[in-house]
Amino acid sequence: SSGVPAGEVFYQDLVGQPFAARDLRSLKLGISGKPDCLIRTIDGIVPVELKHSNRPPARGGVYPNHMIQNLAYCVLVEEQLKAKVPYGLVIYGGEQVRRVELTEANREWLMRTIADVRAARVAKEAKRNHSQRGRCTGCGVRSHCDQALL
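Residues numbered from 1 in each chain as written. Predicted model: local features only at pLDDT ≥ 70, side-chain atom pairs only at ≥ 80, totals over all residues. Heavy atoms only, no water.

Participant: I keep staring at the pattern of salt bridges and nothing clicks. Help me out?
Facilitator: Side chains that differ in sign of charge can pair as their charged atoms come close. Evaluated as defined, the whole model comprises 4 salt bridges. Residue Asp23 is joined to Arg25 by a salt bridge in which the shortest nitrogen-to-oxygen separation is 2.9 Å. Since its relative accessible area comes to 31%, Asp23 is described here as partly exposed. (Salt bridge = Lys/Arg side-chain N within 4 Å of Asp/Glu carboxyl O. Buried < 20%, exposed > 50% of the residue type's maximum accessible area, 1.4 Å probe, protein only.)

Participant: What's the story with the environment of Lys127 in this structure? I'm lost.
Facilitator: Inspection of the secondary structure assignment puts Lys127 in the loop between helix 2 (104–123) and helix 3 (133–137). With 100 residues separating them in the primary sequence, Lys127 and Leu27 have C-alpha atoms 26 Å apart. (Helix = DSSP H or I, 4+ residues; strand = E, 2+ residues; numbered from the N terminus.)

Participant: Where do I start with the packing of aromatic side chains in this structure?
Facilitator: In this description, a pair of aromatic rings is defined by centroid distance and the angle of the planes. Summed over the entire model, instances satisfying the criterion amount to 1 aromatic pair. Judged by centre distance (5.8 Å) and plane angle (85°), the rings of Tyr63 and Tyr92 are edge-to-face. Here the residue Tyr63 occupies a position in the loop between strand 5 (44–51) and helix 1 (64–81), and Tyr92 occupies one in strand 6 (residues 88–92), the gap between them amounting to 29 residues. Residue classification places Tyr92 among the buried residues on the basis of a relative accessible area of 1%. (Phe/Tyr/Trp six-rings, centres within 6.5 Å; stacked < 30°, edge-to-face > 60°.)

Participant: How should the sheet that holds strand 6 be read in this particular structure?
Facilitator: Within a sheet, adjacent strands bond to each other through the backbone by hydrogen bonds, running parallel or antiparallel. Judged by pairing direction, the sheet is mixed, and its 5 strands sit side by side in the order 1-4-5-6-7 without closing on themselves. Across the chains shown, the open sheet's two edge strands, defined by having one partner strand only, are strand 1 (8–12) and strand 7 (96–100). For this sheet, the mean angle separating the axes of adjacent strands, direction not counted, is 25°. Pairing of strand 5 with strand 6 involves 4 bridges; the strand directions are parallel. Bridge pairing in strand 6 places Lys51 opposite Tyr92. Sheet contacts for helix 1: strand 1, strand 4 (37–41), strand 5, strand 6 and strand 7; angle to strand 5, the most-contacted strand, approximately 150°. (Pairing = 2+ DSSP bridges. Axes fitted to C-alpha atoms, helices over the stretch in contact; angles between N-to-C directions. Contact = heavy atoms within 4.5 Å.)

Below is the structure:
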């Protein structure tokens, strides 16, 4: 068992796929996004995010930024598709399947994170929360950042 549930893939945001992926958007939460894939299973809809990194976290973990992204997709699917979401998946390097649980604690963390991002946007300032030059390389706000490591 690969860790990927049996079910129908009915949504994909991957190049060359036959599905039209539309933005999932929540006006209530002020978030939107396109999961890489949604799988309809017997237990509900599972959002799947594919990450190119061949170095996933140890002990079956998920990087916090990938977890918060997948949690957002879980909540967006619940709200927008009116569907039960049993969990989400992050797949590293095409083979390391990691589960993201939609627990009450994770929902609260997501809501706090959304509020923090909203506050940072209003203040037009955010504090860098890492020490990795590589993350600054791909950052969308680097050109406006006074804390960039490059």
